[in-house]
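# Working through the structure, step by step
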Amino acid sequence: MNLDSLLRGEIEQAITALFGKAPESIQLQPTNPEFEGSHTLVCFPLSRLSGKNPAETATTIGEYLVAHSRLVARYQVVKGFLNLILHDHAWIETLQSIYGQADYGIQPPTGEEIMVEFSSPNTNKPLHLGHLRNNFLGWSVSEVLTANGYKVHKVQIINDRGIHICKSMAAWTLYGEGETPESANIKGDHLVGNYYVMFDKAYRAQVTALIEKGVPEEQAEKEAPIMQLASEMLRKWEDKDPETVALWEKMNGWVYDGFDVTYRAMGVSFDKLYYESQTYLLGREIVLKGLEEGIFFRKDDGSVWVDLREEGLDEKVLLRADGTSVYMTQDIGTAVLRFNDFPNIVGQIYTVGNEQEYHFKVLFLILAKLGYDWAHRCYHLSYGMVDLPSGKMKSREGTVVDADDLIAEMVDEAEKQTRELGKVEEMSNEEARALYRMIGLGALKFFLLKVDPKKRMLFNPNESIQLQGFTGPFIQYTHARIRALLRKAEAAGIKGAVEGLENPTLEAAERDVVIVLSSFPEKVREAGATYSPAIVANYVYELAKSYNQFYQSIPVLSEADTARVRFRVALSEAVGRTIRTAMHLLGIDVPERM
RNA sequence: GGGCUCGUAGCUUAAUUGAAUAGAGCAUCUGACUACGGAUCAGAAGGUUGGGGGUUUGAAUCCCUCCGAGCCCGCCA
């Protein structure tokens, strides 16, 4: 039982006793820092129950709580707000409970399983900044859900077939001269991406040339020889032409080798991979069955549709007139396949950009219409685009920020600043390199995760590279400093303990840290319920800040009272552990020294 | 044409189940102990929450309207 729910119980009991009726809800919020106290009861809604004005209501409840509650020491009424000041022993007990939990804030497994899909790239070009937001989000949400008791299965669907990869294949066939990642000494995904760019260039030149010859634009786009080659490759691939399939496998293989390197650098991994080439034909039978059952309908030309007008949407095609699948059909098939692969999952989270909101709305409605009861537990974790100061990223205009380049830049910057501060003199090269990586990646992840996922965000390269203020390294630094303090304590034979205080009162700065510390489990729950790592990021920043205030104003080890020293060591240890746990939820490691 | 999202300090953002003087970071300016790590801390300045109207004891938050930005509505994926 935590402090919040104990207090709520006492307040409810007080109101019932005073006014003869239980309140519908208790509005308990953190007290504004400018006032004394930790919890504030909003009394405006209670005045109807009490028959008094809000301030009188607050006073009445305050008096009652001071007389009857074990927790409430004093109160102050400001307008209709009842600010509660708790006994310090309540905070000391709270810290004692936190200190005793090795995995404070983490819920034990509930037995429920859930699937999280993220990344899901095309195989014709390397990963970019947008993928970084996607991957970090998907990874962090997976960690947050795990902390809420779920067993999480992380998956991605790799879009390995279609005209996009055939474009790279066509360009390589024409201009590649047998080039390979080894011969060119380029990462495979970048090499294939280069040919994709080459395709686009050649294609546009050919279209322009045709238009100049008087061919209408639309026709020119179809007749451009390189496009014809790509289309032919797609047809041959679908006919399983051995030569085409071999080339496709070779080039996708290069891309996967490249992706592996990038994923390792990002620190993400997956439990299972799905490939579109293996799933794109699924879904057709489900749709045909739905047609038989009258859930879908057929138009005169033979195409199959779903009517979503009753749901406020329109009609959507599910099978073309020639009987082949569309994107939506594939997604229906993949969803059902996954529930067959993982029969115990209660739902799926799709980490996909917000431009596909309409698509997923339709997908989930269709799955519900088909009678899958898990359809209502499918969720589109929709995130906003990452813009650059120059505007939108456009691959054609070469304004895309490459994931590998960006990670390397961040690590370089971390190295530069760490060296300037002269912090690595006692480290081996290996240790130092691991540290630069931890800091650079921590800065990048924190920068992308601290903003509400739903919001479109601006990526300013100069600012993201900052290591001061509201950043990952600020929090990593706080952790490293706590660890240094604890090492010193240990060397002096001092062990943390939340007991034996002769005078059980706390300094304001100590109390503030415990107050922030105590809200961690609620933040984890909230982050899980809203699929928002930003809540954890904001929380851990607040925690680090309140600890730093404590650290600057109160000595820990050079205090005469031994019990007090042990208390502060325990407090520091609890904060250090909570920072580590919270940062872990964001996919960020914290160092012992930096 | 229809639908969805967003607009908060110079910049990046928090608070959106309605609650106190809208909270931070960056940038700018001032300051920090013979205590443990200054990637820190204390302070100053910076806001008609895009404009207007409405509901409410109370609005950044809910409703209407206007202005501005973006996305979606394809037998593409």
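A quick note: this is a predicted structure, and the numbers were derived from the prediction, not measured.

Definitions and cut-offs
- Residues numbered from 1 in each chain as written.
- Chains lettered and ligands numbered in written order.
- Predicted model: local features only at pLDDT ≥ 70, side-chain atom pairs only at ≥ 80, totals over all residues.
- Heavy atoms only, no water.
- Near = heavy atom within 4 Å.
- Polar contact = N/O pair within 3.5 Å; in protein donor to acceptor, adjacent residues only side chain to side chain.
- Helix = DSSP H or I, 4+ residues; strand = E, 2+ residues; numbered from the N terminus.
- Nonpolar A, V, L, I, M, F, W, Y, C, P; charged D, E, K, R; others polar.
- Axes fitted to C-alpha atoms, helices over the stretch in contact; angles between N-to-C directions.
- Parallel < 35°, antiparallel > 145°, perpendicular 65-115°, else oblique.
- Left-handed = near helix turned anticlockwise from the far one by under 90°.
- Contact = heavy atoms within 4.5 Å.
- Patch = residues over 30% accessible without salt bridge, like charges linked within 9 Å, V, L, I, M, F, W, Y side chains within 5 Å.
- Areas by Shrake-Rupley, 256 points an atom, 1.4 Å probe, with all protein chains shown as cover.
- Salt bridge = Lys/Arg side-chain N within 4 Å of Asp/Glu carboxyl O.
- Pairing = 2+ DSSP bridges.
- Phe/Tyr/Trp six-rings, centres within 6.5 Å; stacked < 30°, edge-to-face > 60°.
- Buried < 20%, exposed > 50% of the residue type's maximum accessible area, 1.4 Å probe, protein only.
- Right-handed = clockwise from strand over helix to strand, strands pointing away.
- Expected span 1.5 Å × (residues − 1).

Here we take up the protein's contact with RNA strand B. Surveying the vicinity of RNA strand B reveals 66 residues, the closest of which are Asp-301, Lys-423, Arg-481, Ile-554 and Met-594. Counted by atom, the contact set of RNA strand B within 4 Å of the protein is 57% sugar and phosphate. Between a phosphate oxygen of RNA strand B and a main-chain N or O atom of Asp-452, the distance comes to 3.1 Å. For the surface near RNA strand B, the secondary structure elements donating two or more residues are strand E2 (39-42), strand E4 (81-86), helix H14 (327-341), helix H15 (357-369), strand E14 (457-458), helix H19 (472-491) and helix H22 (533-553). Residue composition of the surface near RNA strand B, by class: 31 nonpolar, 16 polar and 19 charged.

Between helix H16 (residues 403-420) and helix H17 (residues 429-449), whose axes approach to 8 Å, the crossing angle comes to 120 degrees. Here H16 is positioned oblique relative to H17, judged by the angle of their axes. Seen along the crossing, H16 lies across H17 with a hand that is right-handed. Of the residues in H17, those touching H16 at Leu-406, Ile-407, Met-410, Val-411, Ala-414, Glu-415, Thr-418 and Arg-419 are Leu-435, Tyr-436, Arg-437, Ile-439, Gly-440, Leu-441, Ala-443 and Leu-444. The residue makeup of the contact of H16 with H17, split by class, is 11 nonpolar, 2 polar and 3 charged.

Below, the discussion takes up a nonpolar patch on the surface. Taken together, the side chains of Leu-174, Tyr-175 and Met-198 define a hydrophobic patch exposed on the protein surface, amounting to about 260 Å² of accessible area. With respect to the helices and strands, Tyr-175 occurs in helix H6 (residues 163-175).

Turning our attention to the sheet that holds E2. Read across the sheet, 4 strands follow the order E1-E2-E4-E3 without closing on themselves; strand pairing throughout is antiparallel. Edge positions in the open sheet fall to strand E1 (28-30) and strand E3 (72-78), since each of these has one partner strand only. Recorded for the sheet is a direction-independent mean angle of 30 degrees between the axes of neighbouring strands. Where E1 lies against E2, 3 bridges are found, and the strand directions are antiparallel. Following the sheet pairing, Gln-29 is matched in E2 by Thr-40. On the sheet, helix H3 (residues 54-68) packs against E2, E3 and E4 and is oriented at approximately 175 degrees with respect to E3.

Going through the model one piece at a time under the given rule, you end up with 23 aromatic pairs. Plain terms: the ring middles of Phe-44 and Phe-81 are 5.4 Å apart, the flat faces sit at 75 degrees to each other, and that makes the pair edge-to-face. Placement of the pair is Phe-44 in the loop between E2 and helix H2 (47-50) and Phe-81 in strand E4, with a sequence separation of 37 residues. Judged by its relative accessible area of 27%, Phe-81 falls in the partly exposed class.

Summarising burial for strand E6 (residues 151-158): 7 of the 8 residues are buried, a large majority. One ladder, built from 5 bridges, connects strand E5 (residues 113-117) with E6; its direction is parallel. Paired with Val-116 across the bridge in E6 is Lys-154. In this view, the connection linking E5 to its parallel neighbour E6 by way of helix H5 (residues 129-147) has right-handed handedness. Here E6 runs beside strand E7 (residues 272-275); their pairing, made up of 4 bridges, is parallel. In the strand pairing of E7, Ile-158 is matched with Tyr-275.

Turning next to H5. For an α-helix, 3.6 residues make a turn, and residues three or four places apart therefore share a direction. Taking 1.5 Å as the rise per residue, H5 with 19 residues should run 27 Å; its terminal C-alpha atoms sit 27 Å apart, in good agreement. At the C-terminal side of H5, Gly-149 shows a positive phi close to 100 degrees.

Our focus in this paragraph is the pattern of salt bridges. Throughout the structure, instances matching the rule amount to 26 salt bridges. For Glu-232, the salt bridge is made with Lys-236, and the minimal N-O distance between the two is 3.3 Å. Linking Glu-232 with Lys-236, this pair stays in helix H10 (residues 225-238), spanning 4 residues, or about one helical turn. Note that Arg-568 and Glu-510 form a salt bridge whose closest N and O atoms lie 2.7 Å from each other. With Arg-568 in helix H23 (residues 562-585) and Glu-510 in helix H20 (residues 508-518), this pair connects stretches of sequence that are 58 residues apart. Each member of the pair, Arg-568 as well as Glu-510, is classed as buried. Through salt bridges that share partners, Lys-299, Asp-307, Arg-309 and Glu-315 make up one connected network.

In short, the description is geometric, and any link to function would need to be established separately.
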